[in-house]
Amino acid sequence: MDAKNPIKYVVVGGGIAGVTCVETLSVFGDSASITLLSASPLIKTVVNYSKLTQVAETFDVKEKPIVSVEEKNSNVHVIQTSVTSLSTKDKKIYTSDGCSITYDKLCICTGGKPRVIAEGNPLVIGIRDTESVKDFQNKVRKARRIVIIGNGGIATELVYELEGCEVIWAIKDTSIAHTFVDAGAGEFFLEHLNKDKDKTPAGPSKRLKYTTAEAGEPGIPLPSGHDGGALGPDWTRDLEIRGHLDQISHRVHVEKGVEVDTILSPDEFKESGMEESSPWSHTSGVNNTAGNDFLLTALWPVYITFSNGRVYGCDLVVSATGVVPNARFTEERDGDSQFELAEDGGIKINSHMETNLDSVYAAGDVCTACWEHSPHWLQMRLWSQARQMGCYAAKCMIADVKNEDISMDFCFELFAHVTTFFRFKVVLLGKFNGQSLGNDYEVLLRVTKGEEYVKVILQNGRLVGAVLIGETDLEETFENLILNGLDLTPFKENLLEPGVDVEDFFD
Ligand SMILES: Cc1cc2nc3c(=O)[nH]c(=O)nc-3n(C[C@H](O)[C@H](O)[C@H](O)COP(=O)(O)OP(=O)(O)OC[C@H]3O[C@@H](n4cnc5c(N)ncnc54)[C@H](O)[C@@H]3O)c2cc1C
Ligand SMILES: NC(=O)C1=CN([C@@H]2O[C@H](COP(=O)(O)OP(=O)(O)OC[C@H]3O[C@@H](n4cnc5c(N)ncnc54)[C@H](OP(=O)(O)O)[C@@H]3O)[C@@H](O)[C@H]2O)C=CC1
């Protein structure tokens, strides 16, 4: 490495993983040449970073024009372009505008796209970036009824925020928010589903604030139709997501334990001879005081049939059914440049964030962590993990260039996620849902209706996971207990006792 012939780092993707990777390279990469390539004109950066505990972190995410990375880091060059292929033989990547760029070390941070059922149907949409939200906002304005499919982050946030239309929330499971919380916590949330939002507690330490620069402002071109970076914390904040019906503030029906069978056009529905079901004629999560006579309609623009035989008509379907990693480029260059993919479609990476391809690393939603995980960590496609992976990938690339050893970053020791659902602060730690523990664990619970839900998971007397909903103030203590592996058998009975200050207990 010398000043005349600097090491060339190239990072693809202007989401949180790519930008964090570039910023870390810029700080620690000595006099390297660093290039960031991103398809979208806006990038995501982290501001107001703070640690809630050793591992759990909160930060604001700011969307900025791509050139801001160059302005902030003088050794970084940014190009707004789409990478179409890669040749590991020549150590070159090729872009949609016909250019090629050589690299010594390359990091792929191309994120993911929504996994949409019935892709191509304009009435079935997925949500990922600013542009897709704008499309959704426009369509929702005319909607009287929306069906939301999926039981993860997007669906859980959207059902709470959507007003001015009926919402049918179709989930495969028997409890809500199942990707994040267990059935008990789902039950805890359920009573807030149709509640007047003003009466629901608003956690004072509301989560990470997501701020957005307005596309169209000077220096910020309107999105070009390329996939932008994924939205994130508080994406529904300050967004007017309102349907067509003034009569309705908030009305959600949960259709549990179902999968989508078919999606039908009005003509197909007519021909099928099926009868439309009424969401409000049976139970679960229904607030049907107003009746729905004003929704009597000859035909809906789209019909959806479920595995339980029910059929609902609606104006729009939101497919909040997860993420598909953007792991393949649009063109193939040489046969040796194919990534090995994991079962979930992510690029496989080892404990040094390396892919199967020489000198090519990956970070964020695009990758699947294939190293042997610490007993208390699991991968989920989240902001915090994308940021942590981007940072660690940069350090791994630098260590490789310098021929230095690098040990796994501490953040991969313990899973920690801080978010908000139904206005409750939610902290998830370790194997919070007993993931991969089989039946070999014990659960302790403390629930105060409408206030808090505390669940801890013990294995062999040791704390291995926790779900903390509400202002519990227990995250730091429980994180420490998970990390130090203390045998809690003698204290088990008192661990969640109200009035006991758990922290003092172990001092
Ligand atoms: C609606 C929504 C709400 C969310 N809320 C939360 C939340 O509350 N908390 C949380 O922790 N996580 C949340 N997430 C998840 C979080 O946003 C993602 O995990 C995270 O943003 C992933 O970052 P990334 O950098 O890996 O990918 P992305 O943000 O998807 O960035 C990928 C980048 O790669 C670029 N790109 C793609 N292909 C190419 C190419 N061929 N050439 C050049 N550039 C390319 C894209 O333009 C983009 O800039 C949410 C996600 C969504 C969609
Ligand atoms: N507050 C937060 O932390 C938020 C995080 N996010 C993140 O953004 C990304 C996108 O969110 P989202 O789309 O909600 O993804 P998630 O992975 O959170 O949830 C996807 C949901 O869709 C279900 N699903 C998958 N396929 C089907 C299908 N064919 N029919 C019915 N249901 C199906 C899944 O069930 P199953 O698992 O059983 O397959 C799961 O319940 C995720 O990485 C998520 O973690 C998004 C919003 C908020």
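Residues numbered from 1 in each chain as written. Chains lettered and ligands numbered in written order. Predicted model: local features only at pLDDT ≥ 70, side-chain atom pairs only at ≥ 80, totals over all residues.

### So, the overall build of the protein chain
The helix and strand tally for the protein chain stands at 9 helices and 28 strands. By the burial criterion, 44% of the 507 residues in the protein chain qualify as buried. For the protein chain, the proportion of contacts with a sequence separation of at least 24, taken over those separated by at least 6, is 69%. (Helix = DSSP H or I, 4+ residues; strand = E, 2+ residues; numbered from the N terminus. Buried ≥ 20, exposed ≤ 12 C-beta atoms within 10 Å, placed from the backbone. Contact = placed C-beta atoms within 7 Å.)

### Some points on the site of ligand 1
Among the 41 residues in the neighbourhood of ligand 1, the closest are listed as G13, G15, G111, G229 and G364. Contributions of two or more residues to the shell around ligand 1 are made by α1 (16–28), β2 (33–38), α4 (153–161) and α7 (383–401). Of the residues that make up the shell around ligand 1, three or more belong to each of domain 1 (8–112 + 323–412) and domain 2 (116–319). (Near = placed C-beta within 6 Å. Domains from an automatic or database assignment.)

### A look at the sheet that holds strand β8 (residues 100–102)
Strand-to-strand pairing in sheets goes through backbone hydrogen bonds, with the strands running parallel or antiparallel. The antiparallel open sheet is built from 3 strands, whose spatial order is β6-β7-β8. Two strands in the sheet have a free side with no partner beyond their single neighbour: β6 (83–87) and β8. Neighbour-to-neighbour, the strand axes of this sheet turn through a mean angle of 25°, independent of strand direction. Sheet topology places β6 next to strand β7 (residues 92–95); 4 bridges connect them, and they run antiparallel. Counted as the bridge partner of V83 is T95 from β7. (Pairing = 2+ DSSP bridges. Axes fitted to C-alpha atoms, helices over the stretch in contact; angles between N-to-C directions.)

### A short note on the site of ligand 2
Neighbouring ligand 2 are 22 residues, the closest being G150, N151, G152, G153 and R381. Residue contributions to the shell around ligand 2 peak at 4 residues, all from α4.

### Notes on the environment of I43
Note that I43 resides in strand β3 (residues 42–51). Of the residues examined, I43 has 26 C-beta atoms within 10 Å and is grouped as buried. Apart from residues no more than four positions distant in its own chain, I43 is found in contact with G14, V19, S38, K64, I66, V69 and G229.

### With respect to helix α3 (residues 130–141)
Relative to the 16 Å expected for 12 residues at 1.5 Å per residue, α3 spans 17 Å between its end C-alpha atoms, a close match to the ideal helical length. Within the sequence span of α3, burial applies to T130, F136 and V140. Seen from one end, α3 has its buried residues packed into an arc of 115°, which puts them on one side. (Expected span 1.5 Å × (residues − 1). Arc of directions from axis to C-beta.)

### Concerning the UniProt feature "domain: FAD/NAD(P)-binding" (unreviewed entry) in the protein chain
Annotation from UniProt places "domain: FAD/NAD(P)-binding" (unreviewed entry) at residues 8–195 and 304–390. For residues 304–390, the end-to-end C-alpha separation is 40 Å, with 9% helix and 26% strand making up the annotated structure. (UniProt positions renumbered as here; feature names shortened; annotations may be inferred.)

### A closer look at α1
For an α-helix, the turn length of 3.6 residues means that residues three or four places apart are oriented alike. Given a rise of 1.5 Å per residue, 13 residues ought to cover 18 Å, and the 18 Å separating the end C-alpha atoms of α1 matches this to within 8%. Here α1 lies mainly inside the structure; 10 of its 13 residues are buried. I16, A17, G18, V19, T20, C21, V22, E23, T24 and L25 are the residues of α1 that are buried. D30 sits one or two positions beyond α1 and adopts a positive phi of about 50°.

### So, the nonpolar core
In globular proteins that are soluble, nonpolar side chains generally tend to be buried together. Counting 78 residues, the largest nonpolar core has I146 and I148 as its most contacted members. The element that contributes the greatest number of residues to this core is strand β28 (residues 462–469), accounting for 6 residues. Ignoring anything within four residues of it in the chain, the contact list for I148 reads A155, L158, V159, V167, W169, A170, V318 and A320. Y9, I34, F59 and A369 belong to the second-largest nonpolar core, a separate cluster that totals 55 residues. (Core = buried A, V, L, I, M, F, W, Y, C linked by C-beta atoms within 7 Å.)

### Description of the domain arrangement of the protein chain
You can read the domains of the protein chain as domain 1 (8–112 + 323–412), domain 2 (116–319) and domain 3 (431–506). Taking only C-alpha atoms, the centre of domain 1 and the centre of domain 3 are 35 Å apart. Taken together, the contact between domain 1 and domain 3 spans 7 residues of the former and 7 residues of the latter. Partitioned by chemical class, the residues of the side of domain 1 that touches domain 3 number 4 nonpolar, 3 polar and no charged. (Nonpolar A, V, L, I, M, F, W, Y, C, P; charged D, E, K, R; others polar.)

### Quick word on the sheet that holds strand β18 (residues 311–314)
Taken in spatial order, the 3 strands line up as β16-β17-β18 in an open sheet, and their pairing is antiparallel. Here the strands that pair on one side only, and so sit at the sheet edges, are β16 (260–264) and β18. The average angle at which neighbouring strand axes cross in this sheet is 20°, direction not considered. Direction of pairing for strand β17 (residues 302–306) relative to β18: antiparallel, over a ladder of 4 bridges. When the bridges of β18 are listed, I304 appears paired with Y312.

### What about unusual backbone geometry?
Even without being glycine, N403 reaches a positive phi, approximately 60°. The class of N403 is exposed, set by 6 C-beta atoms lying within 10 Å. A positive phi angle is found at S436, which is not glycine, with a value near 60°. One can find S436 in the loop between β25 (424–430) and β26 (442–448). The exposure class assigned to S436 is exposed, which follows from the 9 C-beta atoms found within 10 Å.

### Some points on the pairing of β2
With 5 bridges joining them, strand β1 (residues 8–12) and β2 adopt parallel strand pairing. Along β2, the bridge assignment pairs V10 with T35. Each parallel crossover has a hand, and the one from β1 via α1 to β2 is right-handed. Bridge count for β2 against strand β5 (residues 76–80) is 5 bridges, and the pairing is parallel. Note that in β5 the partner of L36 across the bridge is V78. (Right-handed = clockwise from strand over helix to strand, strands pointing away.)

### Notes on the packing of α1 against α7
Relative orientation of the contacting elements α1 and α7 amounts to 35°, with a least axis distance of 7 Å. Between α1 and α7 lies a crossing whose hand is right-handed. From α1, I16, A17, G18, T20, C21, T24, L25 and F28 reach across to α7, where they touch W383, A386, R387, M389, G390, C391, A393, A394, K395 and I398. Along the lines of polarity and charge, the residues of the contact of α1 with α7 split into 12 nonpolar, 4 polar and 2 charged. (Left-handed = near helix turned anticlockwise from the far one by under 90°.)

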